[in-house]
Number of protein chains: 2
Amino acid sequence: MSGESKWRFKYIIYPQFQYTLVAINSFILFVVITVFGVQIYRSFAYINGLGVRANLPPDHNYFKFINIQTHNLMVNMTIASFISLVFSVLFTIYFSHRLVGPIVRLKAHFLEIFNNGIIRPINFRKTDYFTDLAEVVNNALEKMKK
Amino acid sequence: MSGESKWRFKYIIYPQFQYTLVAINSFILFVVITVFGVQIYRSFAYINGLGVRANLPPDHNYFKFINIQTHNLMVNMTIASFISLVFSVLFTIYFSHRLVGPIVRLKAHFLEIFNNGIIRPINFRKTDYFTDLAEVVNNALEKMKK
């Protein structure tokens, strides 16, 4: 088993949910990058407009300089976008793993009830999400047993 | 009831989970904005360095021009950060609302079993998340009834 699939094996425990969250966050990031892109564009359009209003000829060094800047900034923005995407995806997977843990355990619990007829209380960890759900489920199962 | 609390009433159905998701995404956004800020800084440091290497005096128009640009870009980046944050929070709340719907229904279902002893199959909508969980729970409950 490669290192990558081991990682996937450990952190992708509920693919449907986790990949959806990754998709949502990538979409948000896409919008954010677009907003930043538009604002940077507006910024340079303004600086460019200063040169136009000063009646500088189109081949003036002012515009050449702005072009160098724009190119340099675009390279750095592309790097920033890439770093942001990688961070967002990895962090979302890591955190969603914690988030869906209780759901996966809940599912395993009911699968056990179905397969072996063993009804035990669900143990969520104190730091888990959805602990109130565990309590409600345990109370209901307790009542059904009677 | 004000419009704001109506909105909250409708879209915040599982505060613990939804606010956690908002916090996670705001953290991701914070990192993304920092990465963009650093890259923009690097870009302008490079442009500034060109002037320094050309031995321009510190009060040269070149540096004044870069300062105007930096200020203008910072204003636009602040606006971009604000728009991004608002979008990220609203979209996360809207989407997490869809995500936790099945969990909220699952909880209500077991609360009903506990309170009234009525065991009915859980109906998730086809577009819901966690539909596999509903199936597993229904199978288990069906078996327990026998």
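Residues numbered from 1 in each chain as written. Chains lettered and ligands numbered in written order. Predicted model: local features only at pLDDT ≥ 70, side-chain atom pairs only at ≥ 80, totals over all residues. Heavy atoms only, no water.

Caption draft 1: Structural view of the overall build of chain A. A tally of regular secondary structure across chain A gives four helices and zero strands. Structurally, chain A occupies a C-alpha span of about 90 × 35 × 20 Å along its principal axes. Here chain A holds 146 residues, and 44% of them are scored as buried. Counting only contacts in chain A whose residues sit at least 6 apart along the sequence, the fraction spanning at least 24 positions is 59%. Separation between the mean location of the 15 positive side-chain charges and that of the 7 negative ones in chain A comes to 2 Å. (Helix = DSSP H or I, 4+ residues; strand = E, 2+ residues; numbered from the N terminus. Buried < 20%, exposed > 50% of the residue type's maximum accessible area, 1.4 Å probe, protein only. Contact = heavy atoms within 4.5 Å. Lys, Arg positive; Asp, Glu negative; His and termini not counted. Charge placed at Lys NZ, Arg CZ, Asp CG, Glu CD.)

Caption draft 2: Representation of the interface of chain B and chain A. On the chain A side, the residues contacting the 61 residues of chain B number 61 residues. A buried area of about 5900 Å², summed over both sides, lies between chain B and chain A, and 78% of it is on carbon and sulfur atoms. The largest contributions to the chain B side of the interface with chain A come from B:Phe36, B:Phe114 and B:Met144, which together make up 11% of the buried area. Joining chain B to chain A, the criterion identifies two salt bridges. With a shortest N-O distance of 2.7 Å, B:Lys107 and A:Asp132 are connected by a salt bridge. If you look at where chain B meets chain A, you find 14 residue pairs in polar contact (both at pLDDT 80 or more). Elements that contribute at least two residues to the side of chain B that touches chain A include exactly α2 (15-53), α3 (61-116) and α4 (131-145) of chain B. Of the residues belonging to the side of chain B that touches chain A, the class tally is 42 nonpolar, 14 polar and five charged. (Buried area = accessible area lost by both parts, 1.4 Å probe. Salt bridge = Lys/Arg side-chain N within 4 Å of Asp/Glu carboxyl O. Polar contact = N/O pair within 3.5 Å; in protein donor to acceptor, adjacent residues only side chain to side chain. Nonpolar A, V, L, I, M, F, W, Y, C, P; charged D, E, K, R; others polar.)

Caption draft 3: Looking closely at the relation of the copies chain B and chain A. In the superposition of chain B on chain A (RMSD 0.1 Å, axial shift 0.0 Å), the rotation amounts to 180°. Such a turn and shift between the copies fits a two-fold axis. Counting the interface residues of chain B, we find that 100% of their copies in chain A are interface residues as well, pointing to one common contact surface. (Least-squares fit on C-alpha atoms with pLDDT ≥ 70 in both.)

Caption draft 4: Representation of the environment of A:Lys64 in the model. Within the element layout of this structure, A:Lys64 appears in helix α3 (residues 61-116). Separated by 22 residues in the primary sequence, A:Lys64 and A:Arg42 place their C-alpha atoms 18 Å from one another.

Caption draft 5: Region of interest: unusual backbone geometry. If you check the backbone angles, A:Asn55 has positive phi at about 60° while not being a glycine. Relative to the assigned elements, A:Asn55 resides in the loop between α2 (15-53) and α3.

Caption draft 6: Structural view of the packing of aromatic side chains. Per the stated rule, a full pass over the model turns up 22 aromatic pairs over all chains. Summarising the aromatic geometry, the rings of A:Phe130 and B:Tyr14 are spaced 5.4 Å apart at their centres and angled 90° between planes, so their arrangement reads as edge-to-face. Taken together, the residues A:Phe130 in the loop between α3 and α4 (131-145) and B:Tyr14 in the loop between α1 (3-11) and α2 connect one chain to another. Residues A:Phe130 and B:Tyr14 agree in their burial class; the two are buried. Judged by centre distance (6.5 Å) and plane angle (55°), the ring pair of B:Phe95 and B:Tyr129 falls under tilted. Residue B:Phe95 is found in helix α3, and its partner B:Tyr129 is found in the loop between α3 and α4; the two are separated by 34 residues along the sequence. Across the pair, exposure class does not vary: B:Phe95 and B:Tyr129 are buried alike. Each member of the aromatic cluster is reached from another via a ring pair, and the members are A:Tyr62, A:Phe63, A:Phe65, B:Tyr62, B:Phe63 and B:Phe65. Taking NZ or CZ as reference, B:Lys107 lies 5.5 Å from the ring centre of B:Tyr14, over its face. Taking the ring centre of A:Phe114 as reference, the NZ or CZ of B:Lys143 above it sits at 5.0 Å. (Phe/Tyr/Trp six-rings, centres within 6.5 Å; stacked < 30°, edge-to-face > 60°. Lys NZ or Arg CZ within 6 Å of the ring centre and 35° of its normal.)

Caption draft 7: How the structure looks around the packing of α2(B) against α3(B). All names here are of chain B. Running from N to C, α2 and α3 point in directions that differ by 165°, and their axes come no closer than 9 Å. Classified by the angle their axes make, α2 and α3 are roughly antiparallel. Remark: the crossing between α2 and α3 carries right-handed chirality. Considered class by class, the residues forming the contact of α2 with α3 number 20 nonpolar, 13 polar and no charged. (Axes fitted to C-alpha atoms, helices over the stretch in contact; angles between N-to-C directions. Parallel < 35°, antiparallel > 145°, perpendicular 65-115°, else oblique. Left-handed = near helix turned anticlockwise from the far one by under 90°.)

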